[in-house]
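Remarks on the overall topology
These are the residues of each chain, in order.
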Amino acid sequence: MSVPVMTVPGELRTGETTAAVRAAGLRKTYGTGETAVHALAGVDVTFAAGEFTAIMGPSGSGKSTLMHCLAGLDTATAGEVWLGDTPLTSLRDDQLTVLRRRRIGFVFQSFNLLPVLDARENIVLPLQLGGLRPDPAWFDAVIARLGLRERLGHRPHELSGGQQQRVAIARALLPRPDVVFADEPTGNLDSRSGAEVLGLLRSSVKETGQTVVMVTHDPSAAAYADRVVLLAGGRLAGDLADPTAESVLDALRGLGA
Amino acid sequence: MRSVVLAQLRTHAARLIASTLAVVIAVGFVVATLVLNETSRSTVLDTVGARYVHAAAVVTSEGGSLADDVADLEALSSVGVVAPAYEAGVSAEVPGRPGSQYLSVQSVADAPQLRWEQLSSGRLPREVGEVAVTDRARAEVGDVLTVSAYDADGEATTSQATVTGIVDLRGDPQAGLFARGFVTEAQARDWGAGFPAELRIAAGPGFGADEVLRDVTAAVPGDAVVRTGEAQAERAAAALMGNTTALASVLLVFGTIAVVVAGLVIANTFAVLLAQRTRELALLRCVGATPRQVRRSVLGEALATGLVASALGVAAGIGLAALISAVAGSNSAIPLSGVAVPLSAVGAGMLVGTVVTVLAALAPARAATRVAPLAALRPVDPAPLRSRPGVLRLVLGLLLAVPGTALMGGGAAMPDVRVALPGGVLSFLGIVLLAQRAVPPVVAAVGRLAGRLGGVPARLAAGNATRNPRRTAATATALLIGVTLTSAFVVGAASTRATATAGLAAEFPTDVVVEGFAGELPGSLENTLARTDGVARSAPVLAGTVAGPDGDLVGAFGVDRAEAAATLRSTEDLVLPGPGQVSVPEWLADPWAVRDGDRLTLGGDPDREVPARQFTVRVVDADNPLLLDATELRALAPDASLGQVWLRLADDDPARQLDVLDRITDVVAEASPDTQVTGLIAQRAEIDEILDVLLLVVTGLLGVAVVIALIGVGNTLALSVVERRQENGLLRALGLTRGQLRGLLAWEAMLVAGVASALGVVVGGSYGLIGAASVLGQVGDLVLDVPWLQVAAIVVVATVAGLLASVLPARRAARTAPVAAIAAA
Ligand SMILES: Nc1ncnc2c1ncn2[C@@H]1O[C@H](COP(=O)(O)OP(=O)(O)O)[C@@H](O)[C@H]1O
Ligand SMILES: [Mg+2]
């Protein structure tokens, strides 16, 4: 390791701030025997509350798998995940579903919105699924910040890619979740829209203390984060604080990507 | 392209299950109908025609005796033997059986080759004093029957005959009517058989039926008809088959409905399958497939599906027919034994199934050729599919529906079914076309309402149900057709029943009439009957004689108006006279030259010297005697006595009322043996029973169409689930529980099925009422009746069945892990 990276195990950082999400000994294996793929081969990581973390790594390094396990979308083969104080592996499907609805926000790379619902309906969907109504003041604040006021009545196919991602971010932020997970949120966008989306995620962390964990393979996207966690071959391969595009690129080169 | 077709079939076999099932059911239905019809025909031919098929020729005569021709014919070289048919009717006492029974006797041919009777035991008679009987006679071999034969003057001659054998008529539909006896020609003549009107002829050695036919025709008198045995058997069978052929055509109408509904389901399946494969098809186009080749590959897939499904359907139909034949057997109204499978039925089944499948796939195949090669390169378009409004369909629908409805309305008003029927067919076609337009907005409106009640899943379901209007419309239309026809029939039958009941009530207003053969009834009988369980009301009717204006004595009935009216179901035809009034039947009004409102003087018994009285006449259309007030009849005829008792039974189901009728008969038989009990109640029960059976059968048949349509609902949902895999995964990620996801699909199914069945019931109900009005209005006074409970049941059953149809797709959708759906993006 010739790169100047501080490789600090996630556990050690917990003392500084409260943990929003924590994983210990996380393993995920696809298939069995000879053909088994270890997408996650023992990951220990902690994401502090109020922080914007980027997960980076080469393609196939297990980024998406890690995010799915942290978010309760997928079950790990071994290990444990805590959302705040709640251990996720012991939860039944319905309990996990309700937890996702109330405490986790999602922004995906594509196919984020339901085509039959307009923007407003998409935004309030997770709350409504739980039979809740949005707090009007907070709703207005989120909409204003994301610049969606004029677009609320539009269906997804009437919105541009950037606008669709902004609607997805609004939906993720509205329930004030413990953590927002974003998987390549700028992957399908041109660079200007991408920068806009990243800026919005960044400002939601800054201004409202929202915890955000974002998967990306783009070093300049990772530069918006407070911290970068590097993955390689299903293991933690590095941890950068206050990253810049250059430091991230250097770190990645060190992984041989 | 063939390799592509085969690969498609292999990979998507599961998705074609619904189309296959729809074709199998529809084809199976058609084939079963044809096979049953043929089975019934051959059963009848085997049984009714049995006596003829082995004869070379059969001579029949309308009037004259053929007895004298026997010897002449037997002299012909081409003729072997001639068997004249002697028939007689006798009454026979079977030992150990009460009373005597009617025995229809026919002669057995002397020549073995003309004997057709099959024996289940014993042998045929050889001499006078012997008889073989059918098992209906309930006699056993060895029994000695006491037979009374009657001559033309009614003089009875009694003789004895020993039972030598039991004849088995197998599936002969006429077998059950009465017992039959088989005797020698001599015995038949002894028992009063007239001249033979039929000769069965066997060919001489070395001669064929043609020669026999030619020679015999030349030899018999001109008014006799000569046919080959085969032809005569066909003729006998045809005479009996008239009804079953009509039944077969009715069944085929329902078969056609099933086929049409199946066609809609298939078209739908293919449309959805191809929509899913847009990218695959575009890729084919990219790598150089021409539109023609794409279309051929789609049609090839349809052809293969159609052939396989039709073959399965044919097998299923034959199996079904065999099952029905085995269960119903020869005791049913339609004679069935074994199965006879005509090649035409197999051919028709294969053809109908395959052609319908290919035709149904034509439109989707054309749409598939319009896929641009570039579609393969574009990312998945999340925009909802929009279909063009189909102006042609709208115009054509209106052009059919509006005049059709007007014609139907006219037919109901006239009333003339010959006007209403074509109007109904036209407007129904129009409505089916318009349904494509009307269903989506209705589903959307109902969906908004459901969204208020059912929360987010219901609201999403409403959106989903209308995002592909054409598919929703096609799914709903299939169900709409089935439900419309079912409810039209249910409502029509209810009105028929109500009209028939009202008509019968008017014609026979009394439930039960107890009447003495000899005139008089014991005075206490009325009291006894009134106390009988199940009798609601009773009224005594006095019978006496009065003198008419011409001085002749005529019979007259006297009733107390209030008491008698309470027993009547209807006073439309039977008007009860009050004091000073008399109802005069037309057969008396004519010779007396009186009309409504005239004054009429009636005198009393001349021996008694009672004063005459004046009455106001009301002429009635009935064959009763004069009817007047009981007190006045007693004044004119002081020795008038109890002539009839009118009874009204408590309202109950027909079977229970028949029990009451039995009780009344017992009571009456004990009190006064020569008394008869008549009344409408038995007929009413019979009509009810016939209508019930008819309703059950037809509803069952239409149920087939509804079942196919529901398969379509399940199919559409299953395909939607595949299509919306990502979407459902996203919903699960965002916090939709498995239960909520199942609920979403259940709502979607219920919306489509509920709207289709509600619309179907409204349209069908109107058809039923209009149909009843135009048919029954011609016959008599119309009474319309809507069986609300049954109509509601149709909607509920169809909706719940739609719900059930969503269970499997919903389970599949709910099993998908959210991450799998997202990863597929
Ligand atoms: N459903 C699956 N079945 C088998 N292997 C899988 C599956 N999902 C992911 N993998 C494998 O796990 C590894 C990590 O995948 P992923 O987390 O998607 O990587 P990344 O998002 O970093 O590109 C890869 O080698 C991938 O092939
Ligand atoms: Mg990934």
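Not measured: the values here are computed from a predicted model.

1. Things to note about the overall build of chain B
Within chain B, the regular secondary structure consists of 24 helices and 20 strands. Across chain B, every contact between residues at least 6 apart in sequence was considered, and the portion connecting residues at least 24 apart equals 81%. Accessible surface for chain B amounts to roughly 37400 Å². Of this, 59% is attributable to carbon and sulfur atoms.

2. Here's the deal with the confidence of the model for chain B
Residues and elements named next belong to chain B. Counting all residues, the mean pLDDT for chain B is 78, and 81% of those residues have values of 70 or more. Taken element by element, the predicted model of chain B shows its lowest mean pLDDT in helix α1 (residues 2-12) (64) and its highest in strand β6 (residues 130-134) (91). Counted against residues more than four places away or in other chains, residues 378-387, with its pLDDT under 50, gives 15 contacts. The complex model carries a pTM of 0.61, and its ipTM stands at 0.79.

3. A word on the interface of chain A and chain B
It is common to give the size of an interface as the accessible area lost on bringing the parts into contact. Every contact between the two is made by 26 residues of chain A and, on the other side, 25 residues of chain B. Of the roughly 2500 Å² buried where chain A meets chain B, counting both sides, 69% is carbon and sulfur surface. Area buried by chain A at its contact with chain B is led by A:F111, A:V116 and A:L129, which between them contribute 25% of it. Summed over the shared surface of chain A and chain B, the result is two salt bridges. Close ionic contact of A:D93 with B:R738 constitutes a salt bridge, the shortest N to O distance being 3.7 Å. Taken together, the links from chain A to chain B amount to eight residue pairs in polar contact (both at pLDDT 80 or more). Secondary-structure elements contributing two or more residues to the side of chain A that touches chain B are α2 (93-103) and α3 (119-129) of chain A. Here the side of chain A that touches chain B is built from residues that sort into 13 nonpolar, six polar and seven charged.

4. Points about the side chain of A:T97
Looking at where A:T97 falls in the secondary structure, it is placed in helix α2. Only 3.3 Å separates the side chain of A:T97 from the side chain of B:R732, close enough to count as a polar contact. Excluding residues within four positions of it along the chain, A:T97 makes contact with B:R732, B:G735, B:L736 and B:T737.

5. With respect to the site of ligand 1
All names here are of chain A. Around ligand 1, the surrounding shell consists of Y30, V37, A39, P58, S59, G60, S61, G62, K63, S64 and T65. S61 is positioned with one of its backbone polar atoms (N or O) 3.2 Å from an oxygen atom of ligand 1. One of the side-chain N or O atoms of T65 is found 2.5 Å from an oxygen atom in ligand 1. Looking at the shell around ligand 1, the elements with two or more residues in it are β2 (37-48) and α1 (63-70). Looking at side-chain class alone, the shell around ligand 1 contains four nonpolar, six polar and one charged residues.

6. A look at the packing of helix α4 (residues 136-146) of chain A against helix α6 (residues 191-208) of chain A
Residues and elements named next belong to chain A. The interhelical angle for the contact between α4 and α6, taken along N-to-C directions, is 140°, at an axis separation of 11 Å. Relative to α6, α4 is oriented oblique. Where α4 crosses over α6, the two elements pack in a sense that is right-handed. For the pair α4 and α6, the contacting residues are W138, R145 and L146 in the first and L200, S203, S204, E207 and T208 in the second. Here the contact of α4 with α6 is built from residues that sort into three nonpolar, three polar and two charged.

7. Quick notes on a positive patch on the surface
All names here are of chain B. A contiguous patch of positive charge, built from R725, R742, R811, R812 and R815, is present on the exposed surface. By the element assignment, R815 lies in helix α23 (residues 807-815). Since its relative accessible area comes to 58%, R815 is described here as exposed.

8. So, the packing of aromatic side chains
All names here are of chain B. Tallied over the full model, the rule gives three aromatic pairs over all chains. Ring centres 6.1 Å apart and planes at 75° place the aromatic pair W116 and F182 in the edge-to-face group. Here the residue W116 occupies a position in the loop between β4 (101-107) and β5 (118-122), and F182 occupies one in strand β9 (residues 179-183), the gap between them amounting to 66 residues. F182 carries the same exposure label as W116, and that label is buried. Arranged with centres 6.1 Å apart and planes meeting at 85°, the rings of F428 and Y767 form a pair that is edge-to-face.

9. Details of the pattern of salt bridges
All names here are of chain A. On inspection of all chains with the given rule, the structure shows 15 salt bridges over all chains. A salt bridge links R166 to E196, with the shortest nitrogen-to-oxygen separation between them at 2.7 Å. Of the two residues, R166 is situated in helix α5 (residues 161-173) and E196 in helix α6; the sequence distance between them amounts to 30 residues. The class for R166 is buried, based on a relative accessible area of 13%.

10. Describing the sheet that holds β2(A)
Residues and elements named next belong to chain A. Strand order across the open sheet formed by four strands is β2-β1-β4-β5, with antiparallel pairing between neighbours. Both outer strands of the open sheet, β2 and β5 (86-87), are each paired with one neighbouring strand and no more. Pairing analysis gives two bridges linking strand β4 (residues 78-83) to β5, with the strands arranged antiparallel. Along β5, the bridge assignment pairs W82 with P87.

Quick notes on the rules
- Each chain has its residues counted from 1, following the order in which its sequence is written.
- Here every chain gets a letter starting at A, and every ligand a number starting at 1, in the order they are written.
- Two thresholds apply to this predicted model, a pLDDT of at least 70 for residue-level local features and 80 or more for giving and counting side-chain atom pairs, whereas whole-chain, interface and lining totals are computed over all residues.
- The side-chain figures draw on all heavy atoms in the structure; neither hydrogens nor water molecules are used.
- Numbering of helices and strands starts at the N terminus; helices are DSSP runs of H or I of at least 4 residues and strands are runs of E of at least 2.
- Contact criterion: two residues are considered in contact whenever any of their non-hydrogen atoms come within 4.5 Å of each other.
- Note on areas: Shrake-Rupley with a 1.4 Å probe; residue coverage comes only from the protein chains shown.
- Residue-level confidence of the predictor is what pLDDT reports, using numbers from 0 through 100.
- Buried area adds together the accessible area that both of two parts lose upon being put together, with accessible area traced by a 1.4 Å probe.
- When a carboxyl oxygen of Asp or Glu lies within 4 Å of a side-chain nitrogen of Lys or Arg, that pair is called a salt bridge.
- For this analysis, a polar contact is any N or O atom pair within 3.5 Å, provided that within protein one partner can donate a hydrogen and the other can accept it, and provided that sequence-adjacent residues contribute only side-chain to side-chain pairs.
- Basically, the charged four are Asp, Glu, Lys and Arg, the nonpolar ten are Ala, Val, Leu, Ile, Met, Phe, Trp, Tyr, Cys and Pro, and anything else, Gly included, counts as polar.
- The near set for a molecule or strand comprises every residue that places at least one heavy atom within 4 Å of it.
- Fitting a line to C-alpha atoms yields each axis, with helices limited to the stretch in contact; the angle taken between N-to-C directions then spans 0 to 180 degrees.
- Note on angle classes: values under 35 degrees are labelled roughly parallel, values over 145 roughly antiparallel, values of 65 to 115 roughly perpendicular, and the remainder oblique.
- Handedness of a crossing follows from how the near helix is turned relative to the far one, being left-handed for an anticlockwise turn of less than a right angle and right-handed for a clockwise one.
- Think of a patch as exposed residues, more than 30% relative accessible area, with no salt bridge, where like charges cluster within 9 Å and nonpolar side chains (Val, Leu, Ile, Met, Phe, Trp, Tyr) cluster within 5 Å.
- Charged residues are defined here as Lys and Arg on the positive side and Asp and Glu on the negative side; His and the ends of the chain fall outside this count.
- Each charge is placed at NZ for Lys, CZ for Arg, CG for Asp and CD for Glu.
- The buried label goes to any residue with under 20% of its type's maximum accessible area, the exposed label to any with over 50%, and the partly exposed label to all in between, with areas taken from a 1.4 Å probe on protein chains only.
- Each Phe, Tyr or Trp ring, with Trp reduced to its six-membered ring, pairs with another whose centre is within 6.5 Å; inter-plane angles below 30 degrees give stacked pairs, above 60 give edge-to-face pairs, and intermediate values give tilted ones.
- Two strands are counted as paired when DSSP detects at least two bridges linking them.

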